[in-house]
Amino acid sequence: NAARLDATLAYPNEQIGQIWLSAKNYQQALEYLTKAKNSDSTFATIYRDLAETYYNMNKVDDATKSIEKFLTLADKSDENMFRYAQLLFLSKQYEKAMQILEPLMQRNPENTTMMRLAGYSYYELGKYAEGEAMMMNFFSKREPNKLLESDYEYLGHLQMKNNHDAEAVGSFDKAVKMDSTKCSLWSELANKYYTAKDYHDAATYFQKSVDCSKQPDIKDV
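Description of the structure in this document. Every value quoted in this text rests on a predicted model; they were computed, and no experiment measured them.

What counts, and where the lines are drawn
- Residues numbered from 1 in each chain as written.
- Predicted model: local features only at pLDDT ≥ 70, side-chain atom pairs only at ≥ 80, totals over all residues.
- Heavy atoms only, no water.
- Core = buried A, V, L, I, M, F, W, Y, C linked by side-chain atoms within 4.5 Å.
- Buried < 20%, exposed > 50% of the residue type's maximum accessible area, 1.4 Å probe, protein only.
- Contact = heavy atoms within 4.5 Å.
- Salt bridge = Lys/Arg side-chain N within 4 Å of Asp/Glu carboxyl O.
- Disulfide = S-S within 2.5 Å.
- Helix = DSSP H or I, 4+ residues; strand = E, 2+ residues; numbered from the N terminus.
- Phe/Tyr/Trp six-rings, centres within 6.5 Å; stacked < 30°, edge-to-face > 60°.
- Lys NZ or Arg CZ within 6 Å of the ring centre and 35° of its normal.
- Expected span 1.5 Å × (residues − 1).

Thoughts on the nonpolar core
Counting 62 residues, the largest nonpolar core has Leu-101 and Leu-189 as the members making the most contacts within it. With residues near it in sequence (within four places) discarded, Leu-101 still touches Phe-82, Ala-85, Met-114, Leu-117, Ala-118 and Ser-121.

Some points on the pattern of salt bridges
Taken as a whole, this structure holds eleven salt bridges when the rule is applied. In this structure, Asp-49 engages Arg-48 in a salt bridge whose closest nitrogen and oxygen atoms are separated by 3.4 Å. A residue is classified by how much of its surface remains accessible, and Asp-49, at 5% relative accessible area, is buried. Of the residues examined, Arg-48 reaches a relative accessible area of 30% and is grouped as partly exposed.

With respect to the state of the cysteines
The full count for this structure, using the stated rule, is one disulfide. Here Cys-183 pairs with Cys-212 through a disulfide, and the sulfurs are 2.0 Å apart. Because the torsion about its S-S bond is -70°, the bridge between Cys-183 and Cys-212 counts as left-handed. Residue Cys-183 is located in the loop between helix H11 (165–178) and helix H12 (184–195), and its partner Cys-212 is located in helix H13 (residues 199–212); the two are separated by 29 residues in the primary sequence. Among the residues examined, Cys-212 registers a relative accessible area of 27% and is labelled partly exposed.

Some points on unusual backbone geometry
Even without a glycine there, the phi angle at Lys-92 is positive, about 65°. Relative to the helices and strands, Lys-92 is located in the loop between helix H6 (78–90) and helix H7 (94–107). Taking the relative accessible area as the measure of exposure, Lys-92 reaches 63% and is therefore exposed.

Looking at the packing of aromatic side chains
Overall, the coordinates contain twelve aromatic pairs when judged by the stated rule. Between Phe-89 and Tyr-120 the ring centres are 6.2 Å apart and the planes differ by 50°, which places this aromatic pair in the tilted class. Of this pair, Phe-89 sits in helix H6 while Tyr-120 sits in helix H8 (residues 112–124); the two residues are 31 residues apart in sequence, bridging distant segments of the chain. For the pair shown, Phe-89 and Tyr-120 are each scored as buried. A centroid spacing of 4.0 Å and a plane angle of 15° characterise the contact between Tyr-120 and Tyr-154, whose relative ring orientation is stacked. Highlighted residues: Tyr-120 in helix H8 and Tyr-154 in helix H10 (residues 149–161), separated in sequence by 34 residues. A cation over a ring is seen here: Arg-83 above Tyr-55, with NZ or CZ 4.8 Å from the ring centre. The ring centre of Trp-186 lies 4.6 Å from the NZ or CZ of Lys-208, which sits over that ring.

Observations concerning helix H4 (residues 44–56)
Within an α-helix, residues lying three or four positions from one another point in the same direction, as the helix has 3.6 residues per turn. Between its terminal C-alpha atoms H4 stretches 19 Å, which fits the 18 Å expected from 13 residues at 1.5 Å a residue. Buried within H4 are the following residues: Ala-44, Ile-46, Tyr-47, Asp-49, Leu-50, Ala-51, Thr-53 and Tyr-54. Of the surrounding elements, those touching the buried residues of H4 are helix H2 (10–22), helix H3 (26–39), helix H5 (60–73) and H6. Phi turns positive, to about 65°, at Asn-58, one or two residues after H4.

This is a description of form; function is not addressed.
Structure representation (structure tokens):
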């Protein structure tokens, strides 16, 4: 009713946008949040909500721009800065994500969610030794029931890059058990052995890839 009585008010539209965001109706959320922004471009939380809306619409670049605008208007709390780092990572700005993460981790040395993002970012930046060390620290502190398939996948990739292939086998095995669509991980390991002319182990992991997948890649077969 407030939004109908005065269309120039930002707050009612921002609140309606939040409700649609919570209801996962992102198109409606975007409509009302845009109305709110057009009414008052200095209303900080609108940009935070827009960032979450765009993220859920797979518009990561727009989400990143929105969180950047939010941070020019709002408190640069650790929580807000970490969300910014996450969006930078998702928009493949890995170096910038680490620039935000490093001071955050100094202030929050036991925060395992930050460790995870740092480990992933190190892999994407080609800093494999640092990435594996970070992920091992992460695994030592994270509760087992809060681990993701991607945690094992990234750890396995880092272990492969550091020539810890036996350890990568264990990581990939756990990743595939959590997500049966990740059969290509065995193919990646097989290709590494094949390139190294270790044909016996290459055959072993090509076979695992074929056995794992309902529709094996013709190159693996």
